[in-house]
Amino acid sequence: MSIMFRKLGILIKSIEKNNIREKVRCASTLPQLSSEKYNIKRKQFSNVESTDVNYFKRILGEERVLTEETDVMPYNIDWIKNCRGQSSVVLKPKSTEEVSNILKYCNERRLAVCPQGGNTGLVGGSVPVFDEIIINFTLMNKVISLDEISGALICESGCILENLDNYVRDRNLIMPLDLGAKGTCQIGGNASTNAGGLRLLRYGNLHGSILGIEAVKADGTVIDCLKALKKDNTGYHLKHLFIGSEGTLGVITKVAVHCPALPKAVTLGFFGVENFENILQLYRSAKTSLGEILSAFEMADFEAINTTVKNLKLPNPIADYPFYVLVETHGSDEGHDSEKLSRFLSKEMDSGLILDGTVTSEPAKIQTIWNLRESIAGAGLVQGYMFKYDVSLPLRNYYDLVPQLRTKLNGRASVVFGYGHVGDGNIHINVIVPEYTKEICSLLEPYIFEEVSKFNGSISAEHGIGFRKPHFIHYSKDPSALQLMKDLKQLMDPNGILNPYKVLPDM
Ligand code: FAD
Ligand code: MLT
Ligand code: ZN
């Protein structure tokens, strides 16, 4: 090879990921109430009475009904401290039957509920807006079965993604999705948001990987679509109603997921690149050169990596460059895969598309580089308030908005950066400001959504609509499609008790 790669090991000190997450969580003060911040009117649901709490205590037991303000508070606040609800009750069911009893009761009493998994959602969907009862799935965390031949895993919705991944890895399989929140997010939350993540390029989205679902409708009816079959064309594919509907059509209690084989060979490259145009050329070349073993193609600009390195004290394995690219391969033959990757690297270092880089097959080093990439999500929180956007755009226009926003904000933001899943046409744009102001918010919204709409993009590529974007959904959804969504909601949840103020604009 004509150019030597800088060695990774000596430059990287491992920092425990959970400590960083904790630091991020505690960095800011109590957020403003969502209802005040966004001027929302409470819908006409019943108020929670002591008789309601007593009913819940009877069916769940005292210890699985939280009502103390300090106990309930963390469940009212979202991960990026953008939203705060006012719930006074958290319920922790342990079975589908308990979920069904809770919903049947709430529906009859017209009590609104907010389903909550790991509460890592980034659009305010996982926390209440007013006093919705929080149904938290943490205790529904059992693996039910795993067919090691087909790869079909059946489990309860509260299983933490990382725990499932560890479980199936011991049996030579992997979960089809991976994301920075894996240590906290739950498979039910992943299904409800149709989470994308870092391997979607290779393994596809959850509409494909989820084989079956058990869910409970607003009136308590249990819908059993928990088949673990690859093929099942017996009428409507109802599982898809629950995937990505963010807890507004039903509550997911069990999931059947297809787990791919654990790749025998994993290799990761982290490269410095001169400009975004070169990233596109590199992506094109990676698809051709690496073909079926390409599992991730991610980018981050200098500001994204620099903010993460500085705020979270993480090492950057290479020097400063305007852009960074992370390329990963998952294959079955180490010799074959590393030869392919080496050829690709030599070629693109010679062509000048890659300025400098490092390549590793060592699990600890792979983990450290991924940790840098995954930590970008929360790095800005240490510094102030974070506006977060998650859009799909044609690749030619993928990065356009970042420089446009820098100009538009004209020094009002501490930093604006872009990073994301190039292979999926999905960029994340974070705008960090000292504190939230309506003035800055109105410079960003609806401007960003208008721009995305001009290119026929999506205003939410993977995080969902949640509480923050229902009034912008029309930028990406045709009125005819939106009407059908409303009709489905009316059919499945006529009293509107499931996650109100989320996903759908006012009916
Ligand atoms: P929650 O946040 O608790 O809930 C999310 C939504 O699903 C809410 O509307 C909630 O009401 C609903 N819900 C939760 N559980 C259920 C259930 N059992 N039944 C019905 N509705 C339910 N997302 C991506 O797509 N790709 C990424 O790469 C990615 N990376 C992230 C990295 C970090 C560091 C963080 C903090 C978040 C990231 N996210 C990402 C966003 C988030 O992790 C995902 O949306 C995830 O799927 C949410 O899972 P959760 O269990 O935390 O759900
Ligand atoms: C990511 O790709 O890191 C996640 O979607 C989270 C984020 O947008 O920051
Ligand atoms: Zn993402």
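Scoring rules and cut-offs
- Residues numbered from 1 in each chain as written.
- Chains lettered and ligands numbered in written order.
- Predicted model: local features only at pLDDT ≥ 70, side-chain atom pairs only at ≥ 80, totals over all residues.
- Heavy atoms only, no water.
- Domains from an automatic or database assignment.
- Contact = heavy atoms within 4.5 Å.
- Buried area = accessible area lost by both parts, 1.4 Å probe.
- Salt bridge = Lys/Arg side-chain N within 4 Å of Asp/Glu carboxyl O.
- Near = heavy atom within 4 Å.
- Polar contact = N/O pair within 3.5 Å; in protein donor to acceptor, adjacent residues only side chain to side chain.
- Areas by Shrake-Rupley, 256 points an atom, 1.4 Å probe, with all protein chains shown as cover.
- Helix = DSSP H or I, 4+ residues; strand = E, 2+ residues; numbered from the N terminus.
- Pairing = 2+ DSSP bridges.
- Axes fitted to C-alpha atoms, helices over the stretch in contact; angles between N-to-C directions.
- Disulfide = S-S within 2.5 Å.
- Buried < 20%, exposed > 50% of the residue type's maximum accessible area, 1.4 Å probe, protein only.

Moving on, we get to the domain arrangement of the protein chain. The assigned domain composition of the protein chain is domain 1 (3–26 + 263–377), domain 2 (31–136), domain 3 (143–258) and domain 4 (384–492). Inter-centroid distance (C-alpha atoms) of domain 2 to domain 4 is 27 Å. Opposite the 13 residues of domain 2 that make contact, domain 4 presents 12 residues. Summing the contributions of domain 2 and of domain 4, the shared interface buries around 1100 Å²; its carbon and sulfur component is 70%. A per-residue breakdown of the area domain 2 buries against domain 4 is headed by Lys37, Leu122 and Val123, which together make up 48% of the total. The interface formed by domain 2 and domain 4 includes 0 salt bridges.

Ligand 1 sits among 35 residues. The nearest are Pro115, Gly117, Gly118, Thr120 and Gly121. Note that an oxygen atom of ligand 1 is positioned 2.8 Å from one of the backbone N or O atoms of asparagine 119. Residue asparagine 499 places a side-chain N or O atom 3.0 Å away from an oxygen atom belonging to ligand 1. For ligand 1, whose accessible area on its own is 970 Å², the fraction buried by protein is 97%. When contributions to the shell around ligand 1 are tallied by element, the ones reaching two or more residues are strand E3 (113–116), helix H7 (187–193) and strand E9 (251–258).

Attention now goes to the sheet that holds strand E12 (residues 323–331). Taken in spatial order, the 7 strands of this open sheet run E13-E10-E12-E11-E15-E16-E14, and their pairing is antiparallel. Every interior strand has two partners, whereas the edge strands, strand E13 (356–360) and strand E14 (385–392), have only one. Taken over all neighbouring pairs, the strand axes of this sheet differ in orientation by 15 degrees on average, direction set aside. Each of strand E10 (265–273), strand E11 (294–301), E12 and strand E15 (415–421) touches helix H12 (residues 302–312); the most contacted strand, E15, lies at about 105 degrees to it.

What the rule picks out here adds up to 0 disulfides. The structure places no disulfide on cysteine 106, whose sulfur is separated from the nearest cysteine sulfur, that of cysteine 114, by 12 Å. In this structure cysteine 106 comes out as buried when scored by relative accessible area, which is 0%. Cysteine cysteine 225 is unpaired, with the sulfur of cysteine 155 as its nearest cysteine sulfur at 16 Å.

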